[in-house]
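# Structure assessment
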Amino acid sequence: MTKWWKCDLQVATPAWNFQIPPDLHYRASDERSRRRFAERYMDELATRGIEVIALADHNTGDWIDLMVATGKRKGIVVFPGCEVTTGSGSDGIHLLIIGALDKTTRDFDRLLAGALGFDEKHPPFHQVGSQLQPGSSRKSVVDILDDLPSDYLACAPHALTSNGLASAATVKGDLRRRALTHPRLSAVDPGDCAAPDGTNFTARFRRREHASDVPPLKDLAFISTSDAYRLEDLGRRFCWIRMETPSLEALRQAFLDHDSRIRCDWDPRLQSLPGRDPNQTRHARIEEVRLEGTLGNSDESVVLTFHPGLNIIAGARGTGKSTVIAAFRQLYSTTATLPPAVKEEAELFAESMLADARLSALHCLENSLERQRAQWSRKRGQLTQAASGPPVPTTFRVRVVNQKELYTRIARNRQDPGAPSRNFLAFVDEGLALLESTVPGSWWRRREDAIVEWTAATVADLRLRADLASLPALRARVLELQAQVEAFDPPDAATDERRTHQRRLREAKALRERTAAFAAWLDGLDRAIAAGADATAPLPEDASDDFVGLDTALAEALENTRAALGRSTANVRNVLVHLLAQAETGPWSRRLAEAQAAEQSHFEALRAQGLDPAVFAQVRHQMVTQQQLVRALEQREPERARIAGRVASAWDALEKLRAERAAVRAELFDTVTARSGRLRFKLRPQGDQLGWNKQIRALLGLRSETFLEETTHLAKWLWGEPDAAKRAERGQLWRDALVSGDFRAVSVRAQADLKTPWRKRLESLDEAVRLRLAVEVADDLVEMSFLRDSGNPKRESDWRDITSGSPGQCTAAMLCFLLNHGVEPLVLDQPEDDIDPEWIANLVVQEIRASRTTRQVIIATLNANIPVNADAERIIVLENTGSAIRVRTTEEKDDAGQIVQTPHAGALEQAHIRTNVQEILEGGVDAFTRRHRKYRGGNDGT
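Residues numbered from 1 in each chain as written. Predicted model: local features only at pLDDT ≥ 70, side-chain atom pairs only at ≥ 80, totals over all residues. Heavy atoms only, no water.

With that out of the way, let us pick up the overall build of the protein chain. When helices and strands are counted, the protein chain shows 30 helices and 31 strands. In terms of overall size, the protein chain is more extended than a compact globule, its C-alpha atoms giving a radius of gyration of 43 Å where 942 residues would be expected to give roughly 30 Å. Projected onto the principal axes, the alpha-carbon positions of the protein chain cover approximately 155 × 75 × 65 Å. Put simply, the protein chain has 942 residues, and 46% of those count as buried. Restricting the contact set of the protein chain to residue pairs at least 6 apart, pairs at least 24 apart contribute 69%. With an accessible surface of roughly 46500 Å², the protein chain has 51% of that area assigned to carbon and sulfur atoms. Charged side chains in the protein chain number 127 positive and 133 negative. The centres of these two groups are separated by 3 Å. (Helix = DSSP H or I, 4+ residues; strand = E, 2+ residues; numbered from the N terminus. Rg over C-alpha atoms; globule rule 2.2 N^0.38 Å. Buried < 20%, exposed > 50% of the residue type's maximum accessible area, 1.4 Å probe, protein only. Contact = heavy atoms within 4.5 Å. Areas by Shrake-Rupley, 256 points an atom, 1.4 Å probe, with all protein chains shown as cover. Lys, Arg positive; Asp, Glu negative; His and termini not counted. Charge placed at Lys NZ, Arg CZ, Asp CG, Glu CD.)

Shown next as C-alpha cells:
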C-alpha cells in the first residue's frame, strides 16, 4: 500500500572527505572497519526516522555495494548514486545521479567512464598536494543529461549555492535555462522555501516565479537533502516522498507529480500534521470491502482494499465497478434523498445485483481510528459490529454519488423552478447530517421534538382557553343548583345545630380523602426507597483498591439511609393508625355519629313531606361538584400566561432551529465559495413557495386539480413577501387561523376572500391536521452560479446560473461543490460522464487532488485523466470473466522463485498498473501514441 517515506537523497560516505566520529576506530583499508561504519551509519539513519537514502559520493560509487547490503539488513532502502562535477560553469555544476536499486559499484564505474564523461584526461579525482580532490567531467551539464541512460535519474543538489545549477556564481544565461528545463533533470534542491521573501533571483526561484531570468519551474520537483558529510548531519534536511515500494520508477513518478507526492521538510502543509508526518492522517476511511454471496450471476467473492487517500476502481464496462459502488450505498448510505428517477434506478440495480449478496466493510472512525466492521444483507439491513457489544445500526457516514444524481439534482424543471434548489438543499443537508432522523441530538430529531412540544403546548393552551371560556356557564349552573337545593332545604329553615352537623359530615369526607392520599404517598415513598437501593452505578472493571474502599463506604451510607427512611415511614404509618383510632373513639367521632343521625332524621322529615331525599342528595352533590369545578378553573386562570409563554417558547425553539440550519448552510456555501473560487451561492429566505405548496397539498391529500389556484395564491401571499417582518406577520396570522380554526382574518388580510368551499375545507380539518399544517414553513431557496472557464470572478457577466449550464457544466460545478466540503469518505461513480475533457483536466482533477488530503476518495472511472493527473494512491483494476467479477491478477515469481498471483491493485509506479491504465482508459499504447503523433503533426519528438 502506498505510504509516505522519509527520504534523504544526498548523503556521502567515507569514499571522500567524510568526517569519521572519534569514537569509531576506522581504517579505510580494513573491510571489518568499513562494515562497522556502515552498520553505525544505518543505525544513525534509523534513529532519525530516515527510511530511504541516495548515495552522493563525489565521482565514485566505491561504497555502493556495502551500503546497499547493509541497508537491506537494517531496513533502510539505499539508492545507488554519486555526485558529479560537470564541465559547465565557472567551477563546475554538480549533478546528483541516482540509479535503480539493482545498480552496483561496477555499474557506476561504467557510467562514470561513459555517459558521465570521465576519462584519462578528465579523471574522477586528481592530486592536490597530499589530498585527492574531485575532478570535472569533460561533458557539459546538458551533454550529461542528454546521454544519461533511462535507468538513472538526475537531480541538482544545492542548486542556489556554490556549484549549484541555478547559482549565479556557477552559471548564467542560456546554459542555465537549458539545463533547468531539460526533460532529464528530475529535481532540484533550492534550500528552504517555506517563506521566500524578497525580489532577488533566489527568492523568486524558490517561489517558482517565471520571469526573464527565471525559467519555468512549475513542473520541476523541489527536494530537500542533507548533503551530509558527518553522521550527525544525516537526515538534517529531508523530504517525504509518497511511494508504494521505493524504486527508481517510484521516484520518477514522484518527481513527475511532485505537488502530490513530495513534501519537503519546509513544506507548510506538514505543519498541521501530528509529528509533521503525512502518514499520520486522522480522517475517517474505509480499509476493505467484501462482496460475498450472489452478485448478479456470480457466486465468487470480491475483496477490495483501499488507501486513506485517492482510490480508483478501473475496468472496462461490465466489469463490476457499479456493483461495488452499489455495495457502498447498501452498506453506508441510502436512496431516500435521491431524485425520484435516480432513486428508482439505484434501487432496481441493487435489487438485481445484490439481493442475495452479503456485504461487509472494515472502516476506521475519525480521529480515534477505531476499527469497526459494517455489514449488510437484505434480511438484516445495515449493522455495524464494534470492538465489543452487539451489532448496532450503522452510523458511519459515507457520501455515495453518481454522475446522474449530480446533474439531476440541479437540472432545470420548467414545471417546478424551485426543484433544483430543493434537490440541491436535500443533497447539502444530507452531507451536513441534518436529515438524520434516528440519531439522538441530531438537527432533525431536535426539530421533531420541538414540533411535538409546540403541538402539545398549543393543545394545552386551546384546552385551557376552552375550559376558562366555560366559567360563566358553570357559575350560572351553580346558581341554578343552589336554588334547587334551597327548595328542598330553605336557608332560613336551617338551625345552627343543623349547620354544625353538615360541617361534621363534610369533615368526615375530607378526612377520608386526606388519609387515603397520605397512605398512597407513603406507598410511593416505600417504592422509591426500595428502588433507590439498587440505583448505584457498576464499578469500573479496572477500579483501584482505594476506589473500591470509597465505593464500599458510599454503599454502606446508602444502605443506612435506606434503612433509616424505611423505619421513618413505618413510624409514620403507626402514627396514622393511632390517629385514625382516636378519630373513631374520641369526642369528634361521637359528634360525627350525632350528625349522621341528625341527617338521617332530616331525610325522614323530607319523606314525610312527600319529597325524595335521593333527589335532594343528587342535586346537592351536583351543586358541590360544580362549585368545586368553578373553584378549580378559577385557580387555573393564572396558568394562561404560563401556557401562552410555553407556546411562544416552543415556537421560538422551532425558529432557532431553522436559523441554525440556515447558518450551517450559509457557512458551508461561504467555505465552498472561498475554496473553489468558481462557485457562488445566493440564499432567498423562505423563498420556496412551490415546495411549501406541494407539502401542504400532500398533507391535505388534495388531488392535482383540486384547489390548485387557492393553494398557489396562499403560498404567494405567505412567502412571496420580500420583507421579512411582513412575512413573519403573515405567517403568524396563518398560524393563528390554523390553531383556532377561524380563517376569517386570513380571508380579509390576504386581500381576497377565501372561496367558500376552500374555507370550509380548512375549517373542517381535524385539529391535529391543522396543527401539523401550522408548523410547515417554506424552505429557503438557493441559487448556485459557476464561473465560466477562464472567466473573471469580478466580472458579473462571467457568472452563469447553474440551471442554465450544459449537463457537463452542471455536473462539473456539482463535483466542485462536493469536493470542497465534508471530511467523510466520498465514493463517486463515473463522475466524468457528460463533462468536457478540458473541465475534467482543469477543474475536476484539481479539486480531487486538493480534497484527498483531508478525506478518502474512491472513484469508479473510465477516464485516464482522473487516476493519472490526480495521481491516485491506489488503482484497482476489475475484470469480468463471464461468470465472476474479480480483481485482475498476473502470474509472477516472488523472491523465492515461487509462482504467485499478483493483484492489479497499486500505484502508477507498478508496470502492470500503468499498462492497464493505458489499455483500458487510453485505448491501448498504439492508440495513445497515434493520437500523440497526430497532435504533434507527425513529429515523434517529445
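Let's pick the thread back up.
Looking now at the state of the cysteines. For the structure on display, the rule yields zero disulfides. No disulfide involves Cys82; its nearest neighbouring cysteine sulfur is the one of Cys155, lying 12 Å away. Accessibility expressed as a relative area gives 0% for Cys82, which makes it buried. The structure places no disulfide on Cys155, whose sulfur is separated from the nearest cysteine sulfur, that of Cys239, by 9.3 Å. Among the residues examined, Cys155 registers a relative accessible area of 1% and is labelled buried. (Disulfide = S-S within 2.5 Å.)

The next thing to look at is the sheet that holds strand S9 (residues 152–156). Read across the sheet, six strands follow the order S3-S5-S6-S9-S10-S11 without closing on themselves; strand pairing throughout is mixed. Edge strands, defined here as strands with exactly one partner in the open sheet, are strand S3 (57–58) and strand S11 (221–222). Across the sheet, helix H7 (residues 248–256) touches strand S6 (94–99), S9, strand S10 (185–188) and S11, and the angle it forms with S9 is around 45 degrees. (Pairing = 2+ DSSP bridges. Axes fitted to C-alpha atoms, helices over the stretch in contact; angles between N-to-C directions.)

With that settled, the discussion passes to the pattern of salt bridges. Evaluated as defined, the whole model comprises 74 salt bridges. Note that Arg397 is salt-bridged to Glu824, the shortest N-O span being 3.9 Å. Taken together, the positions of Arg397 in the loop between strand S20 (392–393) and strand S21 (399–402) and Glu824 in the loop between helix H26 (807–819) and strand S25 (826–829) put the pair 427 residues apart, joining distant regions of the chain. Across the pair Asp779 and Arg661 runs a salt bridge whose closest N-O atoms are separated by 3.3 Å. (Salt bridge = Lys/Arg side-chain N within 4 Å of Asp/Glu carboxyl O.)

Let us look at the packing of aromatic side chains. Pairs of aromatic rings are described using the distance from one ring centre to the other and the angle between the two planes. According to the stated counting rule, one finds 26 aromatic pairs in the structure shown. Centre to centre, the rings of Phe201 and Phe205 are 5.9 Å apart; their planes meet at 40 degrees, and the pair counts as tilted. A residue pair is termed a helical-turn pair when its members lie 3 or 4 positions apart in one helix, as Phe201 and Phe205 do in helix H6 (residues 201–206) at four residues. Comparing Phe201 with Phe205 shows no difference in burial state: the two are buried. Every member of this aromatic cluster is reached through a ring pair, and the members are Phe18, Tyr26, Phe37, Tyr41 and Trp63. Sitting over the ring of Trp63, Arg34 keeps its end group 4.5 Å from the ring centre. Its guanidinium or amino end placed over the ring of Trp444, Arg447 lies 4.8 Å from that ring's centre, counting from NZ or CZ. (Phe/Tyr/Trp six-rings, centres within 6.5 Å; stacked < 30°, edge-to-face > 60°. Lys NZ or Arg CZ within 6 Å of the ring centre and 35° of its normal.)

Turning our eyes to something else, we now look at the nonpolar core. For soluble globular proteins, the rule of thumb is that nonpolar side chains tend to be buried together. Within the largest apolar cluster, 91 residues are counted, with the highest numbers of intra-cluster contacts made by Tyr41, Ile53, Ile97, Leu116, Phe205 and Phe255. If near-sequence neighbours (up to four positions away) are discounted, Phe205 is found in contact with Leu160, Ala166, Leu180, Val188, Pro190, Val214, Leu217 and Phe222. With 49 residues, the next largest nonpolar core counts Phe424, Leu679, Phe817 and Trp839 among its residues. (Core = buried A, V, L, I, M, F, W, Y, C linked by side-chain atoms within 4.5 Å.)

Looking now at helix H12 (residues 419–431). For H12, built from 13 residues, the straight-helix expectation of 18 Å at 1.5 Å per residue is met to within 8% by its first-to-last C-alpha distance of 18 Å. With 10 of 13 residues buried, H12 lies mostly within the body of the structure. Turning to H12, its buried residues are Ala419, Pro420, Ser421, Phe424, Leu425, Phe427, Val428, Asp429, Glu430 and Gly431. Its buried side turned inward, H12 meets S21, helix H11 (403–410), helix H19 (639–676), strand S22 (679–684), strand S23 (781–787) and H26. Directly beyond the C-terminal end of H12, a positive phi value near 60 degrees is found at Ala433. (Expected span 1.5 Å × (residues − 1).)

Here we take up the packing of H12 against H26. Where H12 contacts H26, the axes come no closer than 12 Å and their chain directions differ by 25 degrees. Comparing their axes, H26 and H12 come out roughly parallel. H26 is crossed by H12, and the crossing has right-handed handedness. Of the residues in H26, those touching H12 at Phe424, Phe427 and Val428 are Met814, Phe817 and Leu818. A per-class count over the contact of H12 with H26 returns six nonpolar, no polar and no charged. (Parallel < 35°, antiparallel > 145°, perpendicular 65-115°, else oblique. Left-handed = near helix turned anticlockwise from the far one by under 90°. Nonpolar A, V, L, I, M, F, W, Y, C, P; charged D, E, K, R; others polar.)

A word on the sheet that holds strand S24 (residues 799–801). Pairing between the strands of a sheet is mediated by backbone hydrogen bonds and can be parallel or antiparallel. Taken in spatial order, the three strands line up as S22-S23-S24 in an open sheet, and their pairing is antiparallel. Two strands bound the open sheet, and with one partner strand each, they are S22 and S24. Taken pair by pair, the neighbouring strands of this sheet meet at an average axis angle of 30 degrees, ignoring direction. Here six bridges tie S22 to S23, and the two strands are oriented antiparallel to one another. Among the inter-strand pairings, Phe681 is bridged to a residue of S23, identified as Met784. Packing of H19 onto the sheet brings it into contact with S22 and S23, and relative to S22 it is tilted by some 160 degrees.

Let's shift gears to the pairing of strand S17 (residues 357–364). Burial runs high along S17: seven of the eight residues are buried. Pairing geometry for strand S14 (residues 285–293) and S17, over eight bridges, is antiparallel. Within the sheet, the bridge partner assigned to Leu291 lies in S17 and is Leu359. Pairing of S17 with strand S18 (residues 371–377) involves six bridges; the strand directions are antiparallel. Across the sheet, Leu359 pairs through a bridge with Trp376, a residue of S18.

We now examine the packing of H11 against H12. Where H11 meets H12, the closest approach of the two axes is 6 Å, and the angle between their N-to-C directions is 130 degrees. The orientation of H11 relative to H12 falls into the category oblique. In contact with Glu405, Leu406, Thr408, Arg409 and Ile410 of H11, H12 contributes Ala419, Pro420, Asn423, Phe424, Ala426, Phe427 and Glu430. Grouping the amino acids of the contact of H11 with H12 by side-chain chemistry returns seven nonpolar, two polar and three charged.

Before going further, it helps to spend a moment on a nonpolar patch on the surface. A grouping of Leu539, Phe547 and Val548 is seen on the molecular surface, where their side chains present a nonpolar patch of about 230 Å² in accessible area. In this structure Phe547 comes out as partly exposed when scored by relative accessible area, which is 37%. (Patch = residues over 30% accessible without salt bridge, like charges linked within 9 Å, V, L, I, M, F, W, Y side chains within 5 Å.)

Attention now moves to the side chain of Arg735. The residue Arg735 is located in helix H22 (residues 724–740) in this model. Of the buried charged residues, Arg735 lacks a salt bridge, with Asp736 as the closest side chain of opposite charge at 5.4 Å. Once residues lying within four places of it in the same chain are set aside, the contact partners of Arg735 are Trp454, Trp651 and Ala774.

So, about the environment of Glu873. As for its placement among the helices and strands, Glu873 is situated in the loop between helix H28 (865–869) and strand S27 (874–880). Spatially, the C-alpha atom of Glu873 lies 98 Å from that of Gln596, the residues being 277 residues apart in sequence. Those residues in contact with Glu873, other than ones at most four positions away along the chain, are Thr2, Arg242, His307, Gly309, Leu310, Arg852, Gly906 and Ala907.

Along the chain, Arg665 turns up in helix H19. Classification of Arg665 by relative accessible area gives buried; the value is 1%. Non-local contacts of Arg665, meaning those with residues more than four positions away in its chain, are made with Leu425, Val428, Asp429, Leu432, Asp779 and Asp780.

All right, on to the pairing of strand S15 (residues 302–305) then. On S15, burial follows the alternation: Val302 and Leu304 on one face are buried, whereas Val303 and Thr305 on the facing-out side are not. Judged from the four bridges that link them, S14 and S15 form a sheet pairing that is antiparallel. Along S15, the bridge assignment pairs Val289 with Leu304.

The next point concerns unusual backbone geometry. With a phi angle near 65 degrees, Asn17 is a residue other than glycine that sits in the positive phi range. Topologically, Asn17 is positioned in the loop between strand S1 (3–11) and helix H1 (31–47). Even without being glycine, Ala433 reaches a positive phi, approximately 60 degrees. With respect to the helices, strands and loops of the structure, Ala433 is situated in the loop between H12 and helix H13 (443–469).

Geometric values such as these leave the question of function open.
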